[in-house]
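What the coordinates show
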Amino acid sequence: QLPGKYNASHWRSSGGRGEGAVTLSGRARAMEMGRELNMRTAKARSNSALDVAAVAKGIESVPYAQAAELLSPHENDGDLALKSCQVHEDHPARVVVVCEPGLQKQMGALHPAAALYERFVNLEASVSEHATFRDTLRKRGIKVLTVREILRHGLDNNLRCRLDLEDLAMGFLTYQGDAGPGDKTPTSRGKLEENLKEHVSDSYKRLVLENMSADQLIDVILTKPTVTVKPSYRDTGFTASYEFEPLTNLIFTRDQQITTAKGVVMASLRSSQRQHEIKVMRFCFQKLGITVLGQVDPPGYLEGGDFFPAGEDLCFVGVGLRSNELAVFQLMEKDYFGTRRVAIVKDLYEKDQDRMHLDCVFSILSQDCVLMLEDMMGEESPTRRLVDEYTRGDDGAYTKSRENVEFSSYLRDQGYNIITVTGEEQLQYACNVVNLGESCILSCHAPTARKICRSKHFSGTMEFLPYSAITAMYGALHCSTQVVMRS
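Worth saying up front: this structure is predicted, and the values here are computed from it rather than measured.

What follows is about the pairing of strand 5 (residues 225-231). With respect to burial, strand 5 is a largely interior element, six of its seven residues being buried. Taken together, the four bridges between strand 4 (residues 174-177) and strand 5 define a ladder with parallel strand orientation. The residue bridging Tyr175 from the neighbouring strand is Val227, located in strand 5. Count of turn residues in the strand 5/strand 6 (residues 238-244) antiparallel hairpin: six residues, of which Asp235 carries a positive phi of about 50°.

It is worth spelling out the packing of helix 5 (residues 159-170) against helix 8 (residues 214-223) at this point. Where helix 5 contacts helix 8, the axes come no closer than 9 Å and their chain directions differ by 30°. One element, helix 5, and the other, helix 8, form an angle in the roughly parallel class. Judged by the twist between their axes, the crossing of helix 5 over helix 8 is left-handed. Where helix 5 approaches helix 8, its residues Arg162, Leu165, Glu166, Leu168 and Ala169 are matched on the opposing element by Ala214, Leu217, Ile218, Val220 and Ile221. In terms of residue class, the contact of helix 5 with helix 8 is built from eight nonpolar, no polar and two charged.

Once that is clear, we can look at the nonpolar core. Nonpolar side chains in soluble globular proteins tend to end up buried together. Among the nonpolar cores identified, the biggest contains 65 residues, and Phe316, Phe362, Leu365, Phe407 and Leu411 are the most heavily contacted of them. For this core, the leading source of residues is strand 14 (residues 369-373), giving five residues. Discounting residues that sit within four places of it in the chain, Phe407 has contacts with Phe316, Val345, Leu358, Phe362, Met372, Met376, Arg385 and Val387. If you look at the next biggest cluster of nonpolar residues, it comprises 49 residues, including Ala214, Leu217, Leu247 and Leu269.

The next subject is the sheet that holds strand 20 (residues 461-464). In spatial order, the strands read 18-19-20; together these three strands make up an open sheet with mixed pairing. Single-partner strands in this sheet number two, and they are strand 18 (434-435) and strand 20. The pairing of strand 19 (residues 440-443) with strand 20 spans four bridges and is classified as parallel. Counted as the bridge partner of Ile441 is Met462 from strand 20.

Another aspect to go through is the sheet that holds strand 8 (residues 264-266). One open sheet holds the three strands; their spatial order is 7-8-9, and the pairing between them is mixed. Edge positions in the sheet fall to strand 7 (257-259) and strand 9 (292-295), since each of these pairs with one other strand and no more. In this sheet, neighbouring strand axes are inclined to one another by 20° on average, regardless of whether the strands run parallel or antiparallel. Of the strand pairs in this sheet, strand 8 and strand 9 are connected by three bridges, and their pairing is parallel. Bridge assignment links Met266 to a residue of strand 9, and that residue is Gln295. Strands in contact with helix 9 (residues 277-287) are strand 7, strand 8 and strand 9; relative to strand 8, the strand with the most contacts, it is inclined by about 155°.

Mapped onto the elements, His199 comes out in helix 6 (residues 189-199). Here the side chain of His199 touches Asn195 through a polar contact of 3.0 Å, landing on its backbone oxygen.

Residues with a pLDDT of 70 or more make up 83% of the protein, whose mean pLDDT is 86. The low-confidence segment residues 1-25 (pLDDT under 50) makes 48 contacts with residues lying over four places distant or belonging to another chain. With pLDDT under 50 throughout, residues 40-60 is counted as low confidence; its partners more than four residues away or in other chains account for 17 contacts.

Once that is clear, we can look at helix 9. The buried count for helix 9 comes to nine of 11 residues, which makes it a mostly enclosed element. Every buried residue of helix 9 is listed here: Glu277, Ile278, Val280, Met281, Phe283, Cys284, Phe285, Gln286 and Lys287. Downstream of helix 9 by one or two residues, Gly289 has phi in the positive range, about 80°.

Taken as a whole and judged by the stated rule, the model has nine aromatic pairs. Ring centres of Phe133 and Tyr467 lie 5.5 Å apart, and the angle between their planes is 65°; this geometry places the pair in the edge-to-face category. Taken together, the residues span a long stretch of sequence, with Phe133 in helix 3 (residues 123-139) and Tyr467 in the loop between strand 20 and helix 14 (468-471) at a distance of 334 residues. Ring geometry for Phe316 versus Phe407: centroids 6.1 Å apart, planes at 65°, classification edge-to-face. In this pair, Phe316 sits in strand 11 (residues 314-319) while Phe407 sits in helix 11 (residues 407-413), placing the two residues 91 residues apart along the sequence. Clustering of aromatic rings is evident, with ring pairs tying together Phe308, Phe316, Phe362, Phe407 and Tyr410. Across from the ring centre of Tyr64, 3.8 Å away, lies the NZ or CZ of Arg160, which sits over that ring.

Judged by which residues are buried, strand 19 turns out to be covered on both faces: Cys440 and Leu442 on one side and Ile441 and Ser443 on the other are all buried. Pairing analysis gives two bridges linking strand 18 to strand 19, with the strands arranged antiparallel. In the strand pairing of strand 19, Asn435 is matched with Ile441. Hairpin connection of strand 18 to strand 19: four residues between the antiparallel strands, including Gly437 at a positive phi of 115°. In the classification by handedness, the crossover that spans strand 19, the intervening helix 13 (residues 446-454) and the parallel strand 20 is right-handed.

A few words on the environment of Lys351. Relative to the helices and strands, Lys351 resides in the loop between strand 12 (341-346) and strand 13 (362-364). For Lys351, a relative accessible area of 43% corresponds to the partly exposed category. Along the sequence, Lys351 and Val319 sit 32 residues apart, while their C-alpha atoms lie 9.4 Å from each other. Beyond its immediate chain neighbours, meaning those up to four positions away, Lys351 contacts Gly320 and Leu321.

Cut-offs and rules
Residues numbered from 1 in each chain as written. Predicted model: local features only at pLDDT ≥ 70, side-chain atom pairs only at ≥ 80, totals over all residues. Heavy atoms only, no water. Buried < 20%, exposed > 50% of the residue type's maximum accessible area, 1.4 Å probe, protein only. Helix = DSSP H or I, 4+ residues; strand = E, 2+ residues; numbered from the N terminus. Pairing = 2+ DSSP bridges. Axes fitted to C-alpha atoms, helices over the stretch in contact; angles between N-to-C directions. Parallel < 35°, antiparallel > 145°, perpendicular 65-115°, else oblique. Left-handed = near helix turned anticlockwise from the far one by under 90°. Contact = heavy atoms within 4.5 Å. Nonpolar A, V, L, I, M, F, W, Y, C, P; charged D, E, K, R; others polar. Core = buried A, V, L, I, M, F, W, Y, C linked by side-chain atoms within 4.5 Å. Polar contact = N/O pair within 3.5 Å; in protein donor to acceptor, adjacent residues only side chain to side chain. pLDDT = per-residue confidence, 0-100. Phe/Tyr/Trp six-rings, centres within 6.5 Å; stacked < 30°, edge-to-face > 60°. Lys NZ or Arg CZ within 6 Å of the ring centre and 35° of its normal. Right-handed = clockwise from strand over helix to strand, strands pointing away.

Here is the structure:
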């Protein structure tokens, strides 16, 4: 069994009604006929809805972009969707996508290690901290959209949105049948298997989803249930067991994609527990009307915590434990970064889970100031990062222009001043700050927040936010945000 899967108790239909019955009374036969009639009627409705969906959607598998109106609350804002990009980490953030803790996090909290969490999780505390975080962003004038809000948008008044979400849920809900031996049954084996087959079919699954509420559908998507159905001679004739693969790390919306100077590119995640997050985030972007430029294809791997935009001329991409150079080469070949230079920051000597991404050890605080783990600085450091720089030529192709330059030296060559954090501070997510633009920084580590403010190299603003209930899940403020548009 893969880590990240959770087996619920095996639930079996039971109770006084119909207990021990092996023959059907006249009333029972009438009820059975009524159920069959309802099933046929519901199937007809389902087929009709599918016809509507085929006409309404136009382009298969691309959701209707009604949620684009969430990006343009004021007429004079223009079409933000067409401008979704991130040129520099220090440019003012305008639109941020986040994912609040919910049922999927509760499931992950049942076994933190298997859910890729660092510590034990208090769901109530994490919900409160994340709500405060969202409020803080909104008070700064930033448009904050949650994954649940995007998925739910338009469902109450637009059938097309409802159909799109049902189609997405179809891929996250799995039915499988187990015909035997099961409980004894008075029916023939052939009839039993035929009945079981019908109740694990896509048509039956679609009926189930059609009758769910909006929040039920979203919970199906976020928990990815598998229902194993077995025959039973009692009650409804079936019993079932339930297994879930919750999207326990979707709260860290940084990782499923990167937003470059060109736009949004879907990533490729290393961990098996996180594979389905990309489908959900791609759906959200398409529903928002945001163009997805493309994606990283295996064996290339890229996670958003390894990417930093640093202007029209330069971007940084970390490679090591989670991301690799094959992914960076794919994006350079397609010119998805949109910068003249790409600096690949190589973690060759450490590859530690506590420093899995570049944003665990580094952050951009302003146009000329960065935050960095001091333990990895210098040519003699056993955990030093080395930079390979690629420059785009007149023909549009990138070629290597510098090789194996120690990271802090490279940064100074680019004109950056460095504020350092200790190894102990780094383990408390000191580097994982989020820059809201023009050096407006949010930090979840109070001592480092004070250190930054006292530095002669920093002239911005700083706000401290308690976030320990979220950092228990192996991520902090930068990890929890995907900035899809900066001014």
